[in-house]
Structure formats: structure tokens, C-alpha cells
Amino acid sequence: MTILTESQTVLVERARLFAHEQLLPFESKITKFATLTDDDAKRLTQKGIEAGFFATNIATGLGGRGLSLFENVLVQEQLGVTKDILVRRATGNVYDCLTLASACQREQYLQPSVAGKRWAALAVSEPDAGSDVAAMKTQAVRTDSGWLLKGSKLYISDADYADYFIVAAKTAPERGVKGISLFLVDKQAAGFSLGQRFNMIGFDGTSHRELIFDQIELANDALLGEENQGFQLLCSTLGKARLAKVAARGLGKCVRLLHEMTEHAKQRQQFGQSLSMFGTVQSKLADGATGIRLSRALLWETAKRMDAGEACREEISMLKVYVSELLGRLADDAVQLFGASGCHDGGTIESFYRDARLFRIIDGTSEIHRNIISGSLLKNGVLPLCDV
Ligand SMILES: Cc1cc2nc3c(=O)[nH]c(=O)nc-3n(C[C@H](O)[C@H](O)[C@H](O)COP(=O)(O)OP(=O)(O)OC[C@H]3O[C@@H](n4cnc5c(N)ncnc54)[C@H](O)[C@@H]3O)c2cc1C
């Protein structure tokens, strides 16, 4: 029995087929060479657009595919079975906060982004402001003609490929997170430069760069959304991204790893029998399958509740923690099960193992998300979060 509607089942099947036929053929290039050529990137974007998987989170009236968050989660899980850069190029980096764009910003940023012609990167982290977003020093000061932006950002994903940046900056420094605004900053802007490059342990093919804003003059219309509402915008944009791009994609990776482990356990012979005959191996497979099913249940419930208008802040944090840690355990178990063949470069297990480690840090660390869950419990008691 499936609890999906007929059209949702079709959507899942289409996404599964797309991942296997269009994304997976590129995977070995990424695991071996750690880069995606511009030609391959463009081909993937074109395929994503043709298949209807590009900018699925953006309303049709704004040029996107207008899927609900629940449908997005279904799609992202299926696509998440492979390397992140492939999914990124095939589905786009069109952040939800861009839907607040003014008419002029729509033309300049949103429309080309949903068409796969311009790419955004989200820039929040700084040398002294990681988990503690309020500590950011990048500042935008009002001028007669608009804003003057000064500061820097660190570890910004996809900075090389991006054409423009959604930059969080203080506009009322004395107000902490309530004094942060978002700005749209072109890569070509005078005073902008890319700084240090960071080769992360995983996410091969995605660049991570320092961004430097040296007194950039921005027009009034560079402000995205309302002044000093940036943190709220980030929270709602990142909440949905955490569900679709972190939890659902991470779950896809769990399914892929469990598949690889199950096949290897059946095929690999030692001591005259397959590894699958050993109880310790069976336990790992059973625990992996159980974790996946339990995670998916909360993921689907949360996405549906968010589609109905609930904030689900704590549930998003639960999923971010649980799925990223499940992925970490499964990747570790997979390396153990594959032995030396899971330890060397150029292989699926080794590259997924490196990617998995990053899931506990990106988009809020496990500790910060546990703080959100426990903070809610301590403030509101156990009932709102854990009762039916
Ligand atoms: C691969 C990758 C891609 C990234 N992409 C982007 C991007 O595109 N845009 C962007 O803006 N940023 C990006 N980041 C940065 C990312 O958001 C930060 O790494 C993350 O927010 C954590 O900040 P930090 O690394 O400075 O760690 P810190 O905040 O210095 O934390 C260090 C450790 O202390 C713990 N800690 C901190 N505060 C508390 C607390 N209150 N309670 C308990 N423990 C605490 C943390 O959990 C962590 O274990 C990326 C990072 C990585 C690794």
C-alpha cells in the first residue's frame, strides 16, 4: 500500500528515472576528477529544465514549477542518491527568498535564475560569525543613492559558478539578528572580489570561497525584502532548504548507501560464504533500513504540515540532526563493510563517506539544532512537541 496519491507516485517514479538515467552517468567523473565541466553543467541544467525538475520550489506564476514542499521533498530524495553538484545543476539554486524580489529584481535575478541562466549563492557565514549569525560584521550603510556594503564572507558554496550573491549584512548593528538585511550583489560589482578558496573534504565539484566586499556601492533596489527582516527571511528560506536539500537529499544518500551495502554483502565471499550470512552485517543493514523509514515518516509529516502553514521549526531541526547523523553512521558502516575497497579514492563509498561528514556541519550544526529542540522543550514543555 502506498500513502502517496497517484500523481505523487508518478512524480517519484519520474524523479527516480531521471536520477538513474540523467544524473548517475556523470557520477564517476565527479568521484574521479572532483570537477564538473561547464559543458556538462549546462547539459545537466538543460536536462533538469526539460524534465521539469528545475526551480520546482518556485511558483509557476514566477516561472518555476510550483511544486508543494511535500512534492519537493519527494523529488529531492530521489535525486539525492547521487553527488550533490549534479543535483544542484539539474535543479538550480533558486532560493525561496528570491520570491520577494521587486519587479526590477525579478527581471534581473529571479527570472534568469528560474530559467537556469543566472546562478545565486547564499552568503551568511563570516570569519567570526558561523553558528552565531548575530556576530556578523559585514555592514550596509545607507547613502544618498542607496547602500555602501563593506565586509567579507567565508565558505560560500558555489561562489565560482554564481553570477550574484544573496548577502546578509547588518543594517542596524545594535539590534543583533533583528538588524540584518539581505542584499543582491552582482559578481561584476565594483569592489567585489573572490578571496581564498577552500577545498572541503567532500562535495567534490562545488567551490567554496571567501567573498570580499570592498566599499561596494549598491542601488536602493539591491535590498531584498524589507530592511532588518533579513534574519527572518533566512530562517524561512533555510527551513525549507533544510527539509528538501539537506534532509530529503541526505535520505536519498542513505538509501543509496544501504543499496550498495546490501548488494556488496550478498556478493562478497569470505570464509566460503557471503558477508550477508554474518549477523553483525545483518544488524547494520536492518538498523539502516529502520532509520530510513523512521526519518521518512517525520520528513513527510513535517513537509505536509509546512504546506498547511505550520512553521515546524523544531521538526526541521530534528530532521537535520537525525538524517545527517544517520547518514554519517551508514557511511561509516559502508566503509567498514567494503573494507579496503571502500577506503580508496575514486570510489562511491569513499566519496559518499566524505560528503556525509559535511551534513552535520552545513545549514546549522547538530549542536545548534539540538539547542533549538531542547530550547523549545524547556520553554514550552514536552506536550507541544511530542504529543499527538
Ligand atoms: C561544505 C560547507 C559549505 C558551506 N556553505 C556555506 C554557504 O554557502 N553559505 C554560508 O553562509 N555558509 C556556508 N558554510 C558555513 C556553515 O554555515 C558554517 O560552517 C556553520 O554555520 C558552522 O559555523 P562554523 O563552521 O563557523 O562553526 P562554529 O560556529 O565556530 O562552531 C564550532 C563548533 O562549536 C559548536 N557550537 C557553536 N555554538 C554552539 C552553541 N551555542 N552550543 C553548542 N555548540 C556550539 C558547533 O556546533 C561546532 O561544533 C558552509 C560550510 C561548509 C562546511
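Residues numbered from 1 in each chain as written. Predicted model: local features only at pLDDT ≥ 70, side-chain atom pairs only at ≥ 80, totals over all residues.

## Concerning the site of the ligand
- Around the ligand, a shell composed of 20 residues is seen, among which V124, G130, S131, T365 and E367 lie nearest.
- Of all elements in the fold, only strand 1 (120–123), strand 3 (146–157) and helix 11 (366–380) reach the threshold of two or more residues within the shell around the ligand.
- Split by residue class, the shell around the ligand holds 12 nonpolar, 7 polar and 1 charged.
- For the shell around the ligand, the domains that each give at least three residues are domain 2 (120–228) and domain 3 (231–386). (Near = placed C-beta within 6 Å. Helix = DSSP H or I, 4+ residues; strand = E, 2+ residues; numbered from the N terminus. Nonpolar A, V, L, I, M, F, W, Y, C, P; charged D, E, K, R; others polar. Domains from an automatic or database assignment.)

## Comments concerning the environment of I85
- In this structure, I85 sits in helix 5 (residues 84–91).
- Expressed as a C-alpha distance, the spacing of I85 and A34, which sit 51 residues apart in the sequence, is 9.9 Å.
- When residues no more than four places from it in sequence are discounted, the contact partners of I85 are I30, L36, F203, G205 and T206. (Contact = placed C-beta atoms within 7 Å.)

## Side note on helix 1 (residues 6–23)
- Here helix 1 spans 25 Å end to end across 18 residues, near enough to the 26 Å set by a 1.5 Å rise per residue.
- L11, A15, F18, A19, Q22 and L23 are the residues of helix 1 that are buried. Here the buried residues of helix 1 occupy an arc of 110 degrees about the axis, which is enough to place them on one side. Facing away from the buried side of helix 1 by over 90 degrees, the exposed positions are E6, V10, E13, L17 and E21.
- Those residues of helix 1 that are buried lie in contact with helix 3 (38–51), helix 4 (69–79) and helix 5. (Expected span 1.5 Å × (residues − 1). Buried ≥ 20, exposed ≤ 12 C-beta atoms within 10 Å, placed from the backbone. Arc of directions from axis to C-beta.)

## With respect to the pairing of strand 4 (residues 164–170)
- With respect to burial, strand 4 is a largely interior element, 7 of its 7 residues being buried.
- Judged by which residues are buried, strand 4 turns out to be covered on both faces: Y164, I166, A168 and K170 on one side and F165, V167 and A169 on the other are all buried.
- For strand 4 and strand 5 (residues 180–186), the ladder comprises 7 bridges, and the chain directions are antiparallel. Within strand 5, the position partnered with V167 by the bridge is F183. (Pairing = 2+ DSSP bridges.)

## Observations regarding the domain arrangement of the chain
- Taken domain by domain, the chain holds domain 1 (6–114), domain 2 (120–228) and domain 3 (231–386).
- Each of domain 1 and domain 2 has a C-alpha centre, and the two are 24 Å apart.
- Taken together, the contact pairs 19 residues of domain 1 with 15 residues of domain 2.
- Listed by contribution, the elements that provide at least two residues to the side of domain 1 that touches domain 2 are helix 2 (27–33), helix 5 and helix 6 (103–114).
- Per-element accounting of the side of domain 1 that touches domain 2 gives the leading share, 4 residues, to helix 6.
- Here the residues of the side of domain 1 that touches domain 2 are counted per class, giving 10 nonpolar, 6 polar and 3 charged.

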